Amino acid sequence: MVSNWNGIMIAAERRRPEPRAIAMGVAIVALLLFVAYPLLLLLLDSFGAHEGFTVANYLKAFANRQNYVALANSLYTSAGATLFAVLIGVGMAWLITRTDIPFKRGFRGLIFLTFLTPPYIGTIGWVQLFGRAGYINTMLTQVLGLSIELYSLEGIIAVMAVYFYPLIFWATANALERTDPTLEDAAASSGGTRWRVLTTITLPLVLPSILSAAALVFIHTISCFAVAAALGLPARHYVLATRIYAALSHYDVQMACALSVILVFFSSGAFLLQKAILGRGRYITTTSRSRKPELVKLGRWRKPVTVALLGFTFFTAILPLLTIVSTSLLKAWGLPLTSQNLTLGNYLAIFQNRLIGGALRNSLVFATFAAGAATLLSSLVAYISARTKLAGRGFLDLLATFPLAIPGPVLATAMILAWIKPPLALYNTPWIIIVAYIVAFTPFALRNLSGSLRAFDPALEEAAWASGASWLRGLRDILLPLLRPGMLTSFVLVFLMGLREIPLSLMLHTQGTETVGVVLFSFRETIGVETVSALAVVVILITVGGHLIVAKLGGRRIEVG
Amino acid sequence: MIQLRIEGLRKRFGQVIALDRLRLETERAELLVILGPSGCGKTTLLRSIAGLERPDLGEIYLEDEMVFSKNIFVPPYKRRVGMVFQNYALWPHMDVFGNVAYSLKVKKVSNREVRRRVGEILKLVQLPGLERRYPHELSGGQQQRVALARALVMEPRLLLLDEPLSNLDANLREEVRMELKRIQGHTGITMIYVTHDQAEAMALADRIGVMESGRLIQLGPPMEIYERPETEFVARFIGASNLVSGEVGEQDGRKILRLQGGMEVPLPGDLKLLPGPALLTIRPEEIIIARDGPGLPATIKNATYLGNAIEYRLAVGNLSLRARTSPGGAYAVGDQVFVRVIRSQPIGPRRRHRRGLAPH
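For clarity, every value in this text was computed on a predicted model and none was experimentally measured. (Residues numbered from 1 in each chain as written. Chains lettered and ligands numbered in written order. Predicted model: local features only at pLDDT ≥ 70, side-chain atom pairs only at ≥ 80, totals over all residues. Heavy atoms only, no water.)

(A) Spotlight on the overall build of chain B. Broken down by element type, chain B carries 8 helices and 20 strands. Across the 360 residues in chain B, those meeting the buried criterion constitute 53%. In chain B, once contacts between residues fewer than 6 apart in sequence are set aside, the share between residues at least 24 apart is 66%. Surface summary for chain B: the accessible area is close to 16400 Å², and the carbon and sulfur share equals 50%. Averaged over its 52 positive side-chain charges, chain B has a centre that lies 5 Å from the centre of its 41 negative ones. (Helix = DSSP H or I, 4+ residues; strand = E, 2+ residues; numbered from the N terminus. Buried < 20%, exposed > 50% of the residue type's maximum accessible area, 1.4 Å probe, protein only. Contact = heavy atoms within 4.5 Å. Areas by Shrake-Rupley, 256 points an atom, 1.4 Å probe, with all protein chains shown as cover. Lys, Arg positive; Asp, Glu negative; His and termini not counted. Charge placed at Lys NZ, Arg CZ, Asp CG, Glu CD.)

Structural data, given as structure tokens:
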């Protein structure tokens, strides 16, 4: 049997394997091997696959009070961060899309800058501001005699809320912009007050978008290893993600497996919730956008609200970056910013230090490989699910998307389990990191590519086939050129994610395969905060540059996260 | 010569039967219109002929070459069947020349020959000089012509058109319709044209095939379809006729139709109808309205001015009829009148068309 047009199997007759069948086979094998197999292994091992079925690992996990606390902390921090992200994101979306507040483009730009800042790099800045000897904390102590404890669960909540609210903001702002203003007009002309219209018409219409973005933020925050580690570990506050890391560091793989399954239980719950919300059909009524909704006049509130928003966005988007930049230019952290204290030596150190240079090179190479492979894989999966009737294509799509709900430490554990032994002993090689990146970032590439693929009528390829082009020729001449911007966007996005990735690299690297994330995370003491800051600035500059390319490509630059 | 022959074609999508033992033959240089409501399977039929859809069962022959059967599936690119898609599917990243030349380039025709043939075909669809324009720079009608040129340039054995006029406004439709006829006459190509618009079908077709839930239920020249619909579905879909059901009986040696409610309508003697239940069509222009009898008493319920005619809705007992008269002696709503039926047609298969329809 060979696969045939439209994914239907027909009896083999005088034909060699078609390119179409090969392409699909590659995607299926890759997903089964690199996603399904490690995750299945993780699940089985958590139940003691080798010694027969047992729940001993779970009993052991729950016998340790620290794990209870870590679970409670995980739920507390991600629920808290999600709640604040929703409050900030929805509030700002309403202010910017529906009121007469000034500087809208500026605010959007600053929100985008916040989004571009990798949370861990932002955390470096926040530590310099609010850490034990941080600039602001020192000032607060001198002036008011009090200080803010950043190394706390609330500190984690605050930092995560800052870096994830942009996702809520865009989801809500897009939904608000797509909502047909006549629906609100109708309610208003039926006698509803402004407040009633807002609460009974507008909010219910955009609620699915907000909820689905909130579920996504919950996944991201419960998975967010680096921030929780940087702010939690110094004060011995553990969350599940950091407990898994600790268990693996002590080579307690069974415990890591059990904790991983517990963590995935919550993250995949949110993942399924998000799928359900999105799948329930959108009841946002798209309009011809012929008319913009009337903007709410803030009146005497306009000035104070503007000032508050300016303050908030400056404080969250610019201040930590400014801090990092200034530290990167100082001979020693804490010195005043005067000309004799300034130096470019920290930047030179990046290239002179063999370790950092090697890490930068590794990250560039790994991220490039991962970006290429993830883009290719997600192109195939997107094609299969959008353009064929292959049985099980929904499952393939789910398999490619599901790693979104797998936190970094969990994925790292699964990768170790799967690739530590022959026949595919990738452990201790660069390939295990690259494979982990591919698995972790394919969901993002896929979402971007499915979107662009669905925008093109299948009749475009069919017209090529009807014109005498073979399957492959039609794809090459028609679909590939049309998809190229979408594919380049995916490539750049995955590349940037790989460049700044922390937990996977941290747990899978070995001597010689250190990455930028590893250096940023664990070499602060050895190479100094000034050089780490310089490296952070380089990462941010590359990130901003990459997104400028994406924006130039005309891709939808905001559909990430 | 038979250009296309389809035998026993079936296709299911899950629970939905898109093609149900469909049989069809076309002749060379014929314009066959497949007419049916949305979801009747007409697009699936077209896509199966093009090779873009794989039927479950049946056989398809193109010029006596078997292109589909149980074990054979000739891929679309080897079928030489041109297709014009509903939304044209012009390649947005290629200009008009690129779009039209594509099939020739795939076949590795020499550049000189490509230019010659593209120029020729653009002249045929009356678009010369637009080679370097991109699809988004063209009007809807121009895009339509490019799509047509693209499908024609490869000199296909068959040209398939999937509701090609549905995205054009009314004036343009008529123009493109004439154009299609002209091009068909000029090239002598066999066209299969799918639509749900019965007026379009009437205006274009050499023959019309009416489809209902995956079956071809009547195939014949437009006039025959209009005058003698063989099923109630065809009659309703072709529209414009009154459908009257009743019991055929005899009174004083003359045939009559007893309607529900006890009304009796005399039937023309030449109708070969057996006594029993029957369904008849009465065309609106074959009902005569008069102030006085003879005829059945009726009430004018509604009048619509159509420009060249007035259409009345009449209540005859509990029966509602549409009648059309020339605008002149107008009746007012509520007027009591008498109606006579000049002619009516019974619905039902009477004789099989020479070819194309198999008894199910």
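(B) Layout of the packing of aromatic side chains. All names here are of chain A. A complete count under the given rule lists 24 aromatic pairs over all chains for this structure. Measuring from centroid to centroid gives 5.4 Å for Phe62 and Tyr68, while their planes differ by 45°, and the two rings are tilted. The partly exposed category is assigned to Tyr68, whose relative accessible area is 46%. Note on Tyr165 and Phe312: the rings are 5.7 Å apart at their centroids and 55° apart in plane angle, and the pair reads as tilted. (Phe/Tyr/Trp six-rings, centres within 6.5 Å; stacked < 30°, edge-to-face > 60°.)

(C) Structural context of the domain arrangement of chain B. All names here are of chain B. Under the domain assignment used here, chain B contains domain 1 (2-234) and domain 2 (240-346). Between domain 1 and domain 2, the C-alpha centre-to-centre distance is 40 Å. Interface area for domain 1 against domain 2, summed over the two sides, is near 570 Å², with a carbon-plus-sulfur share of 51%. By the criterion of area lost to domain 2, the three top residues of domain 1 are Tyr226, Glu227 and Glu232, representing 78% of everything that side buries. (Domains from an automatic or database assignment. Buried area = accessible area lost by both parts, 1.4 Å probe.)

(D) Up close: the packing of helix H11 (residues 240-249) of chain A against helix H17 (residues 408-419) of chain A. Residues and elements named next belong to chain A. Packing of H11 against H17 leaves a shortest axis separation of 9 Å and a crossing angle of 30°. One finds that H11 runs roughly parallel with respect to H17. Along the contact surface, H11 presents Ala241, Ile244 and Leu248, while H17 presents Pro409, Val410, Thr413 and Ile416. Of the residues contributing to the contact of H11 with H17, the split by class is 6 nonpolar, 1 polar and no charged. (Axes fitted to C-alpha atoms, helices over the stretch in contact; angles between N-to-C directions. Parallel < 35°, antiparallel > 145°, perpendicular 65-115°, else oblique. Nonpolar A, V, L, I, M, F, W, Y, C, P; charged D, E, K, R; others polar.)

(E) Structural context of helix H20 (residues 471-499) of chain A. Compared with an ideal rise of 1.5 Å per residue, which puts 29 residues at 42 Å, H20(A) spans 36 Å between its outermost C-alpha atoms and falls more than 12% short. At Arg484(A), H20(A) shows its maximal kink, close to 50°; a proline, Pro485(A), follows between one and four residues later. (Expected span 1.5 Å × (residues − 1). Bend = angle between axes of the 7 residues up to and from the residue.)

(F) Summary view of unusual backbone geometry. Backbone geometry at Asn428(A) places phi at a positive 70°, although glycine is not the residue there. Checked against the element boundaries, Asn428(A) lands in the loop between H17 and helix H18 (430-454). Its identity as a non-glycine residue notwithstanding, Asp64(B) has a phi of 70°, on the positive side. Its place among the elements puts Asp64(B) in the loop between strand S4 (57-62) and strand S5 (65-68). Relative accessible area serves as the criterion here: at 59%, Asp64(B) is assigned to the exposed category.

(G) Representation of the nonpolar core within the structure. Core analysis: the largest hydrophobic core is formed by 221 residues, its most contacted members being Leu24(B) and Leu45(B). In terms of residue count, helix H7 (residues 153-178) of chain A provides more of this core than any other element does, 17 residues in total. Setting aside chain neighbours within four positions, we find Leu24(B) in contact with Leu4(B), Arg5(B), Ile6(B), Leu32(B), Ile34(B), Leu45(B), Leu216(B) and Leu219(B). Counting residues in each nonpolar core, the second largest holds 46 residues, with Val118(B), Ile121(B), Leu148(B) and Ala205(B) among its members. (Core = buried A, V, L, I, M, F, W, Y, C linked by side-chain atoms within 4.5 Å.)

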